[in-house]
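Each chain is listed here by its residues.
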Amino acid sequence: MFYIDSFNQEVVTFENAVNLVNSYGGEQGLLENLESLREKLMLVQDHEYFCDNWCYEINAYNKVVSEM
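Thresholds applied
Residues numbered from 1 in each chain as written. Predicted model: local features only at pLDDT ≥ 70, side-chain atom pairs only at ≥ 80, totals over all residues. Heavy atoms only, no water. Helix = DSSP H or I, 4+ residues; strand = E, 2+ residues; numbered from the N terminus. Rg over C-alpha atoms; globule rule 2.2 N^0.38 Å. Buried < 20%, exposed > 50% of the residue type's maximum accessible area, 1.4 Å probe, protein only. Contact = heavy atoms within 4.5 Å. Areas by Shrake-Rupley, 256 points an atom, 1.4 Å probe, with all protein chains shown as cover. Core = buried A, V, L, I, M, F, W, Y, C linked by side-chain atoms within 4.5 Å. Salt bridge = Lys/Arg side-chain N within 4 Å of Asp/Glu carboxyl O.

Trainee: Explanation requested: the overall build of the protein in the structure shown.
Mentor: Helix and strand counts for the protein come out as four helices and zero strands. Secondary structure elements of the protein, listed N to C terminal, follow the sequence α-α-α-α. For 68 residues, the compact-globule formula gives about 11 Å, and the C-alpha radius of gyration of the protein, at 11 Å, lands near that figure. Oriented by its inertia axes, the alpha-carbon framework of the protein measures out at about 30 × 25 × 15 Å. Here the protein holds 68 residues, and 35% of them are scored as buried. In the protein, 69% of the contacts between residues at least 6 apart in sequence involve partners at least 24 apart. For the protein, the exposed area adds up to about 4,600 Å²; of that, 50% sits on carbon and sulfur atoms.

Trainee: Looking at this model, I keep getting lost on the environment of Glu67. Mind explaining?
Mentor: Considering the arrangement of structural elements, one finds Glu67 in helix α4 (residues 55-67). Among the residues examined, Glu67 registers a relative accessible area of 47% and is labelled partly exposed.

Trainee: Would you explain the nonpolar core in this entry?
Mentor: One broad rule of soluble globular proteins: the nonpolar side chains tend to lie buried together. Core analysis: the biggest nonpolar cluster contains 17 residues, and Phe2, Val21, Leu41, Phe50, Ile58, Tyr61 and Val64 have the highest contact counts within it. Put simply, the parts of the chain that give this core at least two residues each are α1 (14-22), α2 (30-44), α3 (50-53) and α4. At five residues, α4 tops the list of elements feeding residues into this core. With near-sequence residues (within four places) excluded, Tyr61 lies in contact with Met1, Phe2, Val21, Leu34, Leu37, Arg38 and Leu41.

Trainee: How do you make sense of the pattern of salt bridges when you look at a structure like this?
Mentor: Oppositely charged side chains can form a pair if their charged atoms are brought close together. Applying the stated rule across the entire model yields two salt bridges. Of the charged contacts, one joins Arg38 and Glu35 as a salt bridge, the two residues approaching to 3.2 Å between their closest N and O atoms. Taken as a pair, Arg38 and Glu35 lie in helix α2 at a separation of three residues, close to a single helical turn. Assessed through its relative accessible area of 35%, Glu35 is described here as partly exposed. Its salt-bridge partner being Lys63, residue Glu67 comes within 3.5 Å of it at the nearest N-O pair. Here the residue Glu67 and the residue Lys63 both occupy positions in helix α4, the gap between them amounting to four residues, near one helical turn. Residue classification places Lys63 among the partly exposed positions, given a relative accessible area of 23%.

So this is what it looks like as structure tokens:
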């Protein structure tokens, strides 16, 4: 899971989180898409505005990981 500050933390449904995660991998399965999103987030996690710029993706990733 990725850290996200409380300002950018949102309550997201599992269905919406899965849809967002699947938008990052195309025609692959959920696990492959989750890995693809994880790799993208890891590449940018050290940027200054990481939580602000990637809040939707972080919330979706964390939701799917926590529910699995």
